[in-house]
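Descriptive analysis of the structure
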Amino acid sequence: MNQRASNLLDEALGLVDEGTNPWTLSGRVLLIEDCVETSAAFLLHHLLKRALSTLSSNVVVFLALSQPFSHYDRVLRKLGCNLAAQKENKRLLFLDMLTSEFPDGGESGLVALYGKIEKVVSALIEENKKSITIIIDDLSLLEVAANGASNHVLDFLHYCHTLTSVFGCTLVALNHEDIYSSMEKPALILHLEYLADILMKTEPLATGLATDVHGQLTVLNKETWDGQGRSRNRIFNFHFRIKENGVEYFSPGSRA
Amino acid sequence: MAESICRALRDGALEGEHAPALTIRDSLASPFGFDVFTHVLTQLSSNILAGKSQSGGLVLVAFTRSPSFYMRLLKMRGIDVASSRKWIQILDCYTDPLGWKDRLVDSGNITSLSKEASTGESSCKNIKDMAKLFTSIIELGKGLVGQGKVRFCVAIDTVDEILRHASISSVSRLISNLRSNDQVSSIFWLLHSDLHEDRVAAVLGYMSSIVASIERLNQSANGQICNSENLSLLERNYWNGKLHVRFKRRNGRVRVMQEEFHVEQSVISFTTLSPGDELINRSLMPKVQFSLQLSEKEQNDRAKVVLPFEHQGNGKPIKIYDGRRSLEDSQDEATSVSTGALETVDNSSKGEIIYLRDSDDERPDSDEDPDDDLDI
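I will try to describe carefully the structure that is included in this document. Bear in mind that the values here come from a model prediction, so they are computed numbers and not experimental data.

With that out of the way, let us pick up the pairing of strand β1 (residues 21-26) of chain B. In the case of a regular strand, side chains alternate between the two sheet surfaces. Residue and element names in this part refer to chain B. Most of β1 is tucked away: five of the six residues are buried. Relative to strand β7 (residues 210-216), β1 runs parallel, the two sharing four bridges. Following the sheet pairing, R25 is matched in β7 by S213.

In structure tokens:
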């Protein structure tokens, strides 16, 4: 992967030095929004890889509603990350929820799911694992599993949010913005946008389809203080191109 | 103007009157309502500690942040939290608002609950029960100030969470009961207006003596697609905005004010709008691309324009042709009148149009009728 290209995204997220600095996203909520024209799955893959490649005490709890484990394993191998090995080393806890269904309006199922996550997180904290990242792929399917009960899904996310404040977990969630485009006030997506500390949105280019540029990515980082009194750029916009073994990020107009 | 808001809450309620109530409302276009909320919270806390406030204590109902977050925030802003038990109580509606954790412990699914630093807070495990919520708030307040005449103020960090679980009428009842309680000095809350129907914001607005709305500085930037060209403009507009405040007086009069704010490193600061900006903001002129206002020179020039038919006061009689020809004039132009044709005067210096009526009996058109105030 082009080290320089990945820095644009890492810089926007505050993850500048790979592997040497502590995971700086502890206690923060990241919301990824995409649409049919520009899938943001590559962002999940990137964050998964970064979370596992930093300090060895980092653990990822992955709620998979969209794809089976084999899919992520295949994709991450091309990015240079062996998910099967990480799973064996208990650095990756993969919760396969492909066929999950929550009867009775979804509340009891979501309560049980939260309970499972909290149990895992509490146990990891007791083992001195400082950085735990919870990744949800994706929220629209969680809503489906809960029979459309978006209120219960919001309650579940609220409880997951308490894990970020109490245990310093990082919460990453992917949602498809265009699913809610016909709704006047889509509660789930609006609530999430208020909840998120970092909002990442992929969109097609204003000029339409292009061979060399697959879309544009906007990152709104609501945290402005980097702990040393300096305020960083807070809104980032750059283009991306998805390749076979990675993603290239570049400033608009800089593509040769 | 943010200071005016804080002053109103600090001064509290008059005897026999409902407590002043503040709604802070924002939207995703300018989502800095929480920053305004924490600013007001900090100012009120400072006034309580300094003994300058009517209220002797503060009950904070926390839905979106943990109690320890607020303790850290107040400490970072110079508020003495060591003595917090004497002046602040936090009703924790954040950690377990629906009792899920209790259910999991009961069912044996989790063995230990998260331990929050307990600094003067108690927990609410069912935010759907408005009556229980009201009782909890009052009990916490009385625990701070006692049963006597000393009052306490109430801060709700968001009403959105309770609106997700309860109807607007039950939430209104809660707020109304709090406002009318003899020991409540003032109350304020945050509302994200785009999460609810317009009527919800309207209902809460009617119940408020002050409504502070957070708006973007540049309204035309709403919905603008972010790209490299407008990135710096979007960034500048995002962290700056307007605080639009409506004060409702007891006599019914409404006072509207505006102030600019800037958020830097999660701290909000306010600046007064310049007089020019304030005049423009108060104007009801729509914001369009062409100028609808006159400069002073333009106003003077307009005053000098002589309007037709206006009394000039110069003693000269002004004769206006009303379409009727005198007998002499009609005899001189007998040949052209019979045809009723338009005739132009053969005069190389100017042209004119002479309208000849078909009949002298024809009444003049209504717009040719002379007006009393004109020189006709």
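Following the structure, the description resumes.
This part is about unusual backbone geometry. All names here are of chain A. The omega torsion across D137 and D138 is -5 degrees, close enough to zero to call that bond cis. Within the secondary structure, D138 sits in the loop between β4 (132-137) and α6 (139-145). Its identity is not glycine, yet K90 carries a phi of approximately 60 degrees, on the positive side. The topology assignment puts K90 in the loop between α4 (83-88) and β3 (92-96). At N147, a residue that is not glycine, the phi angle is positive and equals roughly 55 degrees. With respect to the element layout, N147 can be found in the loop between α6 and α7 (150-167).

With 41 residues of chain A at the interface, the matching set in chain B holds 46 residues. Summing the contributions of chain A and of chain B, the shared interface buries around 3,800 Å²; its carbon and sulfur component is 58%. Sorting the residues of chain A by area buried against chain B places Y159, Y194 and I235 of chain A first, and these three jointly supply 20% of that buried surface. If you look at where chain A meets chain B, you find three salt bridges. Taking the shortest distance from any N to any O, the salt bridge between E264 of chain B and R234 of chain A comes out at 3.7 Å. At the surface where chain A touches chain B, the tally comes to 14 residue pairs in polar contact (both at pLDDT 80 or more). Mapped by element, the contributors of at least two residues to the side of chain A that touches chain B are α5 (107-126), α7, α8 (187-195), β7 (215-221) and β8 (235-243) of chain A. Here the side of chain A that touches chain B takes twelve residues from α7 of chain A, the largest share from any one element.

Cut-offs applied
Residues numbered from 1 in each chain as written. Chains lettered and ligands numbered in written order. Predicted model: local features only at pLDDT ≥ 70, side-chain atom pairs only at ≥ 80, totals over all residues. Heavy atoms only, no water. Buried < 20%, exposed > 50% of the residue type's maximum accessible area, 1.4 Å probe, protein only. Helix = DSSP H or I, 4+ residues; strand = E, 2+ residues; numbered from the N terminus. Pairing = 2+ DSSP bridges. Contact = heavy atoms within 4.5 Å. Buried area = accessible area lost by both parts, 1.4 Å probe. Salt bridge = Lys/Arg side-chain N within 4 Å of Asp/Glu carboxyl O. Polar contact = N/O pair within 3.5 Å; in protein donor to acceptor, adjacent residues only side chain to side chain.

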